[in-house]
Amino acid sequence: MQPAEPEIPVVDAAGEAFDLWRRRIGLATAPVVFAAVWLLATGLDTPARRLRAILAAVVVLWVSEALPMAITAFLGVAAAVVLGVAPAQAAFAPFADPLVFLFIGTFILARAIFFHGLDRRFAFAILGLRGVGERPGRVLVAYAVTAAVISMWISNTATTAMMFPIGVALLRSLESLSDGPGAQRHATGFAAALLLSNAFAASIGGLATPVGTPPNLIGIGFIRKETGVDISFFVWMALGLPVVALALAAMLTRFQLSAVDRSRRLEGVAAFVAAERAALGPWTRGQVNTVIAFGFAVAFWVLPGALALLLGGDHPLCRHLASALPEGVVALLAAGLLFVLPVDLKRMKFTLDWREAVQIDWWIVFLYGGGIALGTLAFKTGLAEALGYRLTSLLGVQSELGLIVLATIIATVLSETTSNTASANMVVPVVIAFARSSGIDPVLPAVAATMGASLGFMLPVSTPCNAIVYASGRIPLTTMMRHGIWLDVAGIAGVIVVVTLLGPLLRGALG
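Residues numbered from 1 in each chain as written. Predicted model: local features only at pLDDT ≥ 70, side-chain atom pairs only at ≥ 80, totals over all residues. Heavy atoms only, no water.

**Some thoughts on the overall build of the protein chain**
- The helix and strand tally for the protein chain stands at 24 helices and 2 strands.
- Taking 24 Å as the expected radius of gyration for a compact globule of 511 residues, we find that the protein chain reaches 23 Å, a close match to that expectation.
- In terms of principal-axis extent, the alpha carbons of the protein chain reach across some 70 × 55 × 45 Å.
- Buried positions account for 53% of the 511 residues belonging to the protein chain.
- Relative to all contacts within the protein chain whose residues are 6 or more apart in sequence, the contacts with residues 24 or more apart total 80%.
- By element, 68% of the accessible surface of the protein chain is carried by carbon and sulfur atoms, the whole surface being about 21100 Å².
- Computed over 33 positive and 28 negative side-chain charges, the separation of the two mean positions in the protein chain equals 2 Å. (Helix = DSSP H or I, 4+ residues; strand = E, 2+ residues; numbered from the N terminus. Rg over C-alpha atoms; globule rule 2.2 N^0.38 Å. Buried < 20%, exposed > 50% of the residue type's maximum accessible area, 1.4 Å probe, protein only. Contact = heavy atoms within 4.5 Å. Areas by Shrake-Rupley, 256 points an atom, 1.4 Å probe, with all protein chains shown as cover. Lys, Arg positive; Asp, Glu negative; His and termini not counted. Charge placed at Lys NZ, Arg CZ, Asp CG, Glu CD.)

**Focus on unusual backbone geometry**
- At Glu65, a position not held by glycine, the phi torsion is positive, near 55 degrees.
- Positionally, Glu65 belongs in the loop between helix H2 (46-64) and helix H3 (69-82).
- A relative accessible area of 27% places Glu65 in the partly exposed class.
- One non-glycine residue, Met348, adopts positive backbone phi at about 55 degrees.
- With respect to the element layout, Met348 can be found in the loop between strand S1 (342-344) and strand S2 (349-350).
- On the basis of relative accessibility, which here comes to 54%, the residue Met348 falls in the exposed class.

**Description of the packing of aromatic side chains**
- One pass over the full model with this rule turns up 14 aromatic pairs.
- Judged by centre distance (4.8 Å) and plane angle (10 degrees), the ring pair of Phe233 and Trp301 falls under stacked. Placement of the pair is Phe233 in helix H11 (residues 233-259) and Trp301 in helix H13 (residues 285-311), with a sequence separation of 68 residues.
- The rings of Phe74, Phe92, Phe95, Trp362 and Phe366 are connected pair by pair, giving a single aromatic cluster.
- Lying over the aromatic face of Trp21, Arg24 brings its terminal NZ or CZ to 5.1 Å of the ring centre. (Phe/Tyr/Trp six-rings, centres within 6.5 Å; stacked < 30°, edge-to-face > 60°. Lys NZ or Arg CZ within 6 Å of the ring centre and 35° of its normal.)

Below is the structure:
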């Protein structure tokens, strides 16, 4: 039986009003911006001028979310065909990019994990570890780490939604036993920290793997198409995991110092977790099959990159694995196992059926294809190169480190007011073009920009994860902003340090 879909709280009235006005302004502004850029564009060839007007309108619609983001991407590519920027076959080719099928296969695996309740089983297994007990600080760490680890493999939003009711249930024991003003203040502060740790950790955890969050695959796709460098699953994890570790440590340290009273205990939490684990019952055949399929995917995602690091990318075995088992093919094979491994062979019931499989986040797949298509056209028409030269003369950044710092900051700031996927689609191709015009290797700055796109922590509108926990009514906006700004700074520093120090060590594997 399928577990109930986690209930996502509705955003508060102020947040809804802000979103409504943002969408209205975007819908009214986009055609004006299109016309203005169309009329004022000079110094470019006709296709580049027309594409610049299209991209200007697309950026306005993405930032404002006036239209569904995937539809905006579709319309942008369609407009490029209508206005003669490129023929349809060339314009829509990126929708068949191999990374599109990595998205699809990964999302089907994630759907199976949710459908069979493996996410909840894993969450309560971590919370039920002997060392966690009823100490607030340990519960906070276990809760946040669980969210981060789950979000490495499934949607950050789905992770937050799944962990949210668990967090609320954990808080009930503290709040019901709070006695006196001091205890109540601790309960209130700890509640905000616990729920924020869910949203923040889910966003942080997505950085660890290429499939953890859509911006990662968007950035990898741009890097591969425009530089010829194919970042393997293993290499991305070698960069992503240290960033996750640093950001999680920074977040947990801040919450431990500001919101945890180590003299108190969360009476009843251990009993609640034990009861929930017991209610899950024994492992089902569907859960075992899902673990087999998921383990197959992870093994063959990581193995080629690990062997390349040990044997060298030119080793015949490494070349064979890279050509025969690219990550998109592995994802599809693993997803295919879900339709082959039986749950009840007599009744021809398998681990996943098509009705469940099609409930994946198709909009992200379409948004990825559209974003890559528009970015590819920007390079083919010379628009990206022209923009890069203008930014070079304007900003004067002439070193790889300087561009890594700039790219991370810009992507992070932009992600505070627009979706992470839109931020990656907008910033990464600009960074690549900027690097080329400055004579800088674009790979590491583009990686930094990709990671920076997932670092928006300050506002409820920054990510759906933030919106979910903010709508609980337990987190004052000033509290989210205060912790979010601090984590933005810590995340930016972590990305810069890791990419700058580890990136050069991995250049051999990147090649």
